[in-house]
Amino acid sequence: MSLEDVVVIGGGIVGLATALELRRDGFSVAVVDRFDMGRGASWAGAGMIAPTAERPSNPLERLRDQSARLYPHWAIELKDQTGIDIGYRRCGGIDLALEPSEAIELERQVLAWENEGIAYESIDLSDLYRIEPNLNGAFVAAYLLPDRGQIRNPRLLHALEVANRSAGVSLMPGVEVRSLETHGDRVISVKTKSEEIFSGIVVVAAGARTGEIVETAGIRLETPPIKGQIVLLKTEPGVLTRVVEHGKNYLVPREDGRILVGATEENAGFDVRPTAAAVAGLIAEAERLCPALAQAEVERAWGGSRPGNRDGRPYIGRAPGLSNLFVAAGHFRAGIQLAPATASLIAALIKGDETPVDAAFFALDRPPSTAQTAAIRS
Ligand code: GLY
């Protein structure tokens, strides 16, 4: 049995960032995760950071813009605190359409960038060769987003883990939550396989497992697992320098010559094993976008279960009817992209501070929104 001010369930990027923020505010905090810290969906992403926006017009756009602005500070702070370089680079990005039908979809994105005040430039064939000489030149539309960035997920997660530990957060890997025990309008403890953790506040940031955990406290929330597979290639440094996006697929080049190729979207429950068909498809896509990658070494492939949501927005807020249960989950493909501002928002809600964005937009019991074009895919 232990007693904490806050128990965070889920040691992914959102859980670790929230724990660190609350610990810095003086709370005693424990983080439990059924596996090792940071090995869920956060580990399986490619670490694409959105460009900043001059005119974010709704709370989701603001959450993304705030996170994009926080990342360079995170990089400096985490380097100071842990010695780990999280690989933050404002490397820029290129979005491509290879078919006329894709160009129509890309034009919708361009309109959204324009409305949101995201910097972009149209690229013509002769310029593409100059900007990224190894990309397939047979595109029908291409745009440069100079403010896109990237981080290296495993390094970021490792840095957050080390920073939490040295700040005094109790990290509890390999601990599976069985249920939330309630009394009246409060959660009184978190029951795991082997112990009961008593806590003033509980934050569930357990990715796609969030729905099943909060259900034990009578809260219905849809966080369906959406499998994403990714392949890591290794080639010479400099074959690509920018993040390349093509529909739902992307190439994310690291400075050491590694290139992440992602990602699938599959309904496969919690099965995260890489499959032959998906890996073959991703490698074919990599070769199509950048023919030089046909010669790259295949280093590994892996998968993760992203937490879905019901209407394109994550759930960030207090659980209806339970005064001390909070949720930060359902970020789908944008967990890395939205984590810094998500942690600030949930910490502000817990402390009763003014929130940096309108929290009602992310409330668990909000009316379902009508779908909007996301300006930035990830
Ligand atoms: N955020 C990257 C992906 O979901 O594929």
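For the structure, check the block above.
What counts, and where the lines are drawn
Residues numbered from 1 in each chain as written. Predicted model: local features only at pLDDT ≥ 70, side-chain atom pairs only at ≥ 80, totals over all residues. Heavy atoms only, no water. Helix = DSSP H or I, 4+ residues; strand = E, 2+ residues; numbered from the N terminus. Buried < 20%, exposed > 50% of the residue type's maximum accessible area, 1.4 Å probe, protein only. Near = heavy atom within 4 Å. Polar contact = N/O pair within 3.5 Å; in protein donor to acceptor, adjacent residues only side chain to side chain. Areas by Shrake-Rupley, 256 points an atom, 1.4 Å probe, with all protein chains shown as cover. Nonpolar A, V, L, I, M, F, W, Y, C, P; charged D, E, K, R; others polar. Expected span 1.5 Å × (residues − 1). Pairing = 2+ DSSP bridges. Phe/Tyr/Trp six-rings, centres within 6.5 Å; stacked < 30°, edge-to-face > 60°.

Engineer: Help me out: how do you make sense of the side chain of Thr-342 in this one?
Structural biologist: Within the fold, Thr-342 resides in helix H9 (residues 335-351). Looking at Thr-342, the relative accessible area reads 0%, which means it is buried.

Engineer: I would appreciate a short explanation of the site of the ligand in the present structure.
Structural biologist: Every residue lining the ligand is accounted for by Tyr-250, Ala-263, Arg-306, Arg-333 and Ser-378. The side chain of Tyr-250 places a nitrogen or oxygen atom 2.7 Å from an oxygen atom of the ligand. Within the contact set of the ligand, an oxygen atom lies 2.6 Å away from a side-chain nitrogen or oxygen of Arg-306. In isolation the ligand exposes 200 Å². Once the protein is present, 88% of that is buried. Grouping the constituent residues of the shell around the ligand by class yields 2 nonpolar, 1 polar and 2 charged.

Engineer: Can you help me understand helix H1 (residues 13-24) in this one?
Structural biologist: Think of an α-helix as 3.6 residues a turn; residues three or four steps apart then line up on the same face. With 12 residues, H1 should cover 16 Å at 1.5 Å per step; its first-to-last C-alpha distance of 17 Å lies within 8% of that length. Here H1 lies mainly inside the structure; 9 of its 12 residues are buried. A positive backbone phi angle near 100° is found at Gly-26, which sits one or two residues after H1.

Engineer: Could you clarify how one ought to interpret the pairing of strand S10 (residues 186-192) in this entry?
Structural biologist: Along any regular strand the residues' side chains alternate between the sheet's two faces. Bridge analysis of strand S9 (residues 177-183) against S10 gives 6 bridges, and the strand direction is antiparallel. Of the residues in S10, the one forming a bridge with His-183 is Arg-186. From the end of S9 to the start of S10, which pair antiparallel, there are 2 residues, and Gly-184 there has a positive phi angle of about 60°. Here S10 runs beside strand S11 (residues 196-204); their pairing, made up of 3 bridges, is antiparallel. Looking at the pairing, Val-190 lines up with Ile-197 of S11. Where S10 folds back onto S11 in an antiparallel hairpin, the turn is made up of 3 residues.

Engineer: Whenever I open this one, the packing of aromatic side chains confuses me. Can you help?
Structural biologist: The geometry of an aromatic ring pair comes down to the distance between the two centres and the angle between the two planes. Scanning all chains against the criterion turns up 5 aromatic pairs. Ring plane angle 75° and centroid distance 5.9 Å describe the contact between Trp-113 and Tyr-143, whose orientation is recorded as edge-to-face. Of this pair, Trp-113 sits in helix H4 (residues 100-116) while Tyr-143 is found in strand S6 (residues 141-145), placing the two residues 30 residues apart along the sequence. Judged by its relative accessible area of 0%, Trp-113 is buried.

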